[in-house]
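# Commentary on secondary and tertiary structure
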Amino acid sequence: MRALIQRVTSAQVHVDGELVGDCGAGVLILICAMQGDTDDLPAKLAAKIGKLRIFKDEDGRMNRSLSDIGGQALVVSQFTLAADTSRGNRPGFSQAAPPAEGERLYEAFAAEMAQIVPTQTGRFGADMAVSLTNDGPVTIWMDTDA
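In what follows, the accompanying structure is described. Just so it is clear, the model here is predicted, and its values are computed rather than measured.

## Some remarks on the environment of P99
Looking at the secondary structure, you find P99 in helix 3 (residues 99-114). Its relative accessible area of 59% is what places P99 among the exposed residues. When the C-alpha atoms of P99 and D37 are compared, they prove to be 13 Å apart, with 62 residues separating the residues in sequence.

Here's what the structure looks like:
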């Protein structure tokens with residue numbers, strides 16, 4: 001699985017003008033299931049993100065986790081994280097998991113995050129409008145293959 005984690009003060013996702021998910025202080029997680037991802041990866045990735053020390057402590061150092069601050073998460077599916085830009089100018093997405101598998105792993109990941117912190121989601125496969133207020137900005141890329 002591949003994730004792009006952004007530390008936010010707030011984030012929202014709309015579908016057809018309707019608010020479908022939001023969060024306050026915490027993280028916006030853009031997530032993509034990849035070809036060959038296994039059922040154990042959503043839990044492993046969620047646990048790692050929950051413990052990732054990217055929030056400031058009393059000395060202003062990034063030393064606190066999402067769990068430590070009582071933060072929230074907004075999880076949004078984004079198959080374009082699987083983009084292969086090695087050939088030409090048009091990205092290929094063949095490394096992304098097939099839609100049914102991608103949706104299953106996305107939902108499993110969101111459920112695992114919800115066991116750690118309050119979590120809301122976007123809508124898999126929908127044309128979503130995501131807005132956020134970056135905090136820092138702090139943006140971390142994670143890949144379970146790395």
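## Digging into helix 3
Counted at 1.5 Å a residue, the expected span for helix 3 with its 16 residues is 22 Å, and the 22 Å between its end C-alpha atoms agrees. What helix 3 keeps buried is the set G102, L105, Y106, F109, A110 and M113. Buried residues of helix 3 fall within an arc of 140 degrees about the axis and therefore sit on the same side.

## Things to note about the nonpolar core
Within the largest apolar cluster, 26 residues are counted, with the highest numbers of intra-cluster contacts made by I29, I31, I49, F109 and M113. Of all the elements in the fold, those that place two or more residues in this core are strand 1 (2-15), strand 3 (26-32), helix 1 (41-51), strand 4 (53-56), strand 6 (72-77), helix 3 and strand 8 (128-143). With residues up to four places along the chain from it excluded, the contact list for I31 reads M1, R2, A3, L45, V75, V76, S77, Q78, L81, Y106 and F109.

What counts and what doesn't
Residues numbered from 1 in each chain as written. Predicted model: local features only at pLDDT ≥ 70, side-chain atom pairs only at ≥ 80, totals over all residues. Heavy atoms only, no water. Helix = DSSP H or I, 4+ residues; strand = E, 2+ residues; numbered from the N terminus. Buried < 20%, exposed > 50% of the residue type's maximum accessible area, 1.4 Å probe, protein only. Expected span 1.5 Å × (residues − 1). Arc of directions from axis to C-beta. Core = buried A, V, L, I, M, F, W, Y, C linked by side-chain atoms within 4.5 Å. Contact = heavy atoms within 4.5 Å.

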